[in-house]
Amino acid sequence: MAGLRERLKDAVKIIGSGSLLFASYLTAVGDEHFYADQLMPLLQRMVGPETAHVLAVKIIGLGLVPLNRYQDPASLEVNILGLKFKNPIGIAAGFDKHGEAVDGLYKVGFGFVEVGTITPKPQEGNPKPRVFRLPADRAVINRYGFNSCGLAEVQTRLKAREWTQQEKSKAGLPLGINLGKNKMSRDAGADYLEGMRVLGPLADYVVVNVSSPNTPGLRDLQGKAELRQLLHMVLKERDALQEKRKPPVLVKIAPDLSAQDKQDIADVVTELGVDGLMVSNTTVSRPETLQDPQKSEIGGLSGQPLKDLSTSTVREMYSLTKGKVPIVGIGGVASGQDAMEKIRAGASLVQLYTALTYQGPPVVTKIKRELEQLLKDQGFSSVSEAVGADHRGADGSTL
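Every value quoted in this text rests on a predicted model; they were computed, and no experiment measured them. (Residues numbered from 1 in each chain as written. Predicted model: local features only at pLDDT ≥ 70, side-chain atom pairs only at ≥ 80, totals over all residues. Heavy atoms only, no water.)

(A) How the structure looks around helix α5 (residues 151-159). Burial in α5 covers these residues: Leu151, Val154 and Leu158. Taken around the axis of α5, the buried residues stretch over an arc of 70 degrees, which confines them to a single face. Those residues of α5 that are exposed and aimed more than 90 degrees away from the buried face are Ala152 and Thr156. Where α5 is buried, its residues touch α4 (102-108), β4 (112-118), α6 (162-170), β7 (175-179) and α7 (188-199). (Buried < 20%, exposed > 50% of the residue type's maximum accessible area, 1.4 Å probe, protein only. Helix = DSSP H or I, 4+ residues; strand = E, 2+ residues; numbered from the N terminus. Arc of directions from axis to C-beta. Contact = heavy atoms within 4.5 Å.)

(B) Quick peek at the side chain of Arg143. Among the secondary structure elements, Arg143 is positioned in the loop between β6 (139-142) and α5. From its side chain, Arg143 meets the backbone oxygen of Pro129 in a polar contact 3.5 Å long. Setting aside its immediate chain neighbours within four residues, Arg143 contacts Asn126, Pro129, Arg130, Phe132, Asn214, Glu297, Ile298 and Gly299. (Polar contact = N/O pair within 3.5 Å; in protein donor to acceptor, adjacent residues only side chain to side chain.)

(C) Just a nonpolar patch on the surface, in detail. On the surface, Leu55, Ile59, Leu62 and Leu64 cluster together to form a nonpolar patch covering roughly 410 Å² of accessible area. Here Leu55 is to be found in helix α3 (residues 49-61). (Patch = residues over 30% accessible without salt bridge, like charges linked within 9 Å, V, L, I, M, F, W, Y side chains within 5 Å. Areas by Shrake-Rupley, 256 points an atom, 1.4 Å probe, with all protein chains shown as cover. Salt bridge = Lys/Arg side-chain N within 4 Å of Asp/Glu carboxyl O.)

(D) Local environment of the sheet that holds strand β5 (residues 131-134). With antiparallel pairing, three strands are arranged side by side in an open sheet as β5-β6-β11. Because the sheet does not close on itself, it has two edges, and the strands there are β5 and β11 (300-303). Going from strand to strand, the sheet's axes swing by 20 degrees on average, the running direction of each strand aside. Summarising the sheet, β5 and β6 pair through four bridges and their orientation is antiparallel. Directly across from Val131, in β6, lies its bridge partner Asn142. (Pairing = 2+ DSSP bridges. Axes fitted to C-alpha atoms, helices over the stretch in contact; angles between N-to-C directions.)

(E) Quick peek at the layout of surface pockets. Taken as a whole, the second largest pocket spans an internal volume of roughly 490 Å³. In terms of lining residues, the second largest pocket is bounded by 19 residues, among which Gln166, Ser169, Pro201, Asp204 and Arg245 are the most central. Of all the secondary structure elements, the ones that give two or more residues to the lining of the second largest pocket are β2 (83-85) and α6. Of the residues forming the lining of the second largest pocket, the biggest block, five residues, is contributed by α6. (1 Å grid on protein atoms, 1.4 Å probe; cavity = no way out; pocket = protein on both sides within 12 Å on 5 of 7 lines; lining within 4 Å. Points joined across faces, edges and corners; volume = space filled by probe spheres on them.)

(F) Main features of helix α2 (residues 32-46). Taking 1.5 Å of rise per residue, 15 residues should cover 21 Å, and α2 covers 20 Å from first to last C-alpha, within 8% of that figure. Of all the bends in α2, the largest measures some 35 degrees and sits at Leu39, one to four residues before the proline Pro41. Of all the positions in α2, only Glu32, Phe34, Tyr35, Ala36, Leu39, Met40 and Gln44 are classed as buried. (Expected span 1.5 Å × (residues − 1). Bend = angle between axes of the 7 residues up to and from the residue.)

(G) Focus on the packing of helix α11 (residues 336-345) against helix α13 (residues 362-377). Here α11 crosses α13 at 55 degrees, and the two axes come no closer than 7 Å. Between α11 and α13, the crossing angle belongs to the class labelled oblique. In this structure, α11 crosses over α13, and the sense of that crossing is right-handed. Of the residues in α13, those touching α11 at Gly336, Gln337, Ala339, Met340 and Ile343 are Ile367, Glu370, Leu371, Leu374 and Leu375. (Parallel < 35°, antiparallel > 145°, perpendicular 65-115°, else oblique. Left-handed = near helix turned anticlockwise from the far one by under 90°.)

Shown next, in the form of structure tokens:
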């Protein structure tokens, strides 16, 4: 009997070790289903959302990411804003706020990385807790409030890898820098100008973020007169940079805009020659469909419930700018189909963030693989061919 008990104990140890080894293998090779169905839900039960975010940045920053054997096909390459993108899937601002994990994020398979939002002076952001998972809705609500280490620290960090980035950018892996204003700043314009002066020389493109819902008064900068004045100053500052190649300037807008607001933004962007639009930031609206008990937390809602709202904003902005202003589509992208919908609506590139928190790093390869197949299935030889397809008739005429 004792012998049987010992043999059972040994068997349990072997099975346990085997299971652990198998789980480790699935983690290392980046098994999509294992991450989405087992590992990420387990981690979410064990670790709070902000701690998980900080840890994820640290781990990816160390380059500890799943093996990624997928080779980006030619069909996913996009040439826009005077830049080459190996693939159109980027990591949205808000994940790597301080520029600590850029190289690890490229390793995950992103075609471009956007760091920030970065404010001129360091600031703590809003009191904790300020991030809430809504698992029932595959969503997140955050009210971080531009917690930032400030321009100087990010400049030092990015300067240390400037040569590396130049090589990456040549290879089709650009770096975007997202700029914001300090909460207590009396002169928003001066904050964005300082950001451009300090970090513009290290950026392949710069984003003027006037649409976070978590900084009081920030969204007012989307008003026509305010936006025109701000962007005019920022573009002038960009043109004054000594760099041979001046970074394109894009403006990030909210999904919660009136028809008039959207028309005004389209007019200003077209008039001033702004290089592109980031559509969109998180929403302060709360769709009726939300199930999760945390749904009434204050802040910006991202993830699946934002998807249709952001896609329809992409569609409208593409129409209002007559397809002449490049658009980056952001909000609820968690599959190749989600990316394709934004591309057909008018986005040349897309970004994700919330999907990473629910599905882990393998989601990036999953989206690219699915998008590659969808392009084939729908008769497009490249992403660029599919951009704005929903606005054209079968004969190529504008609808």
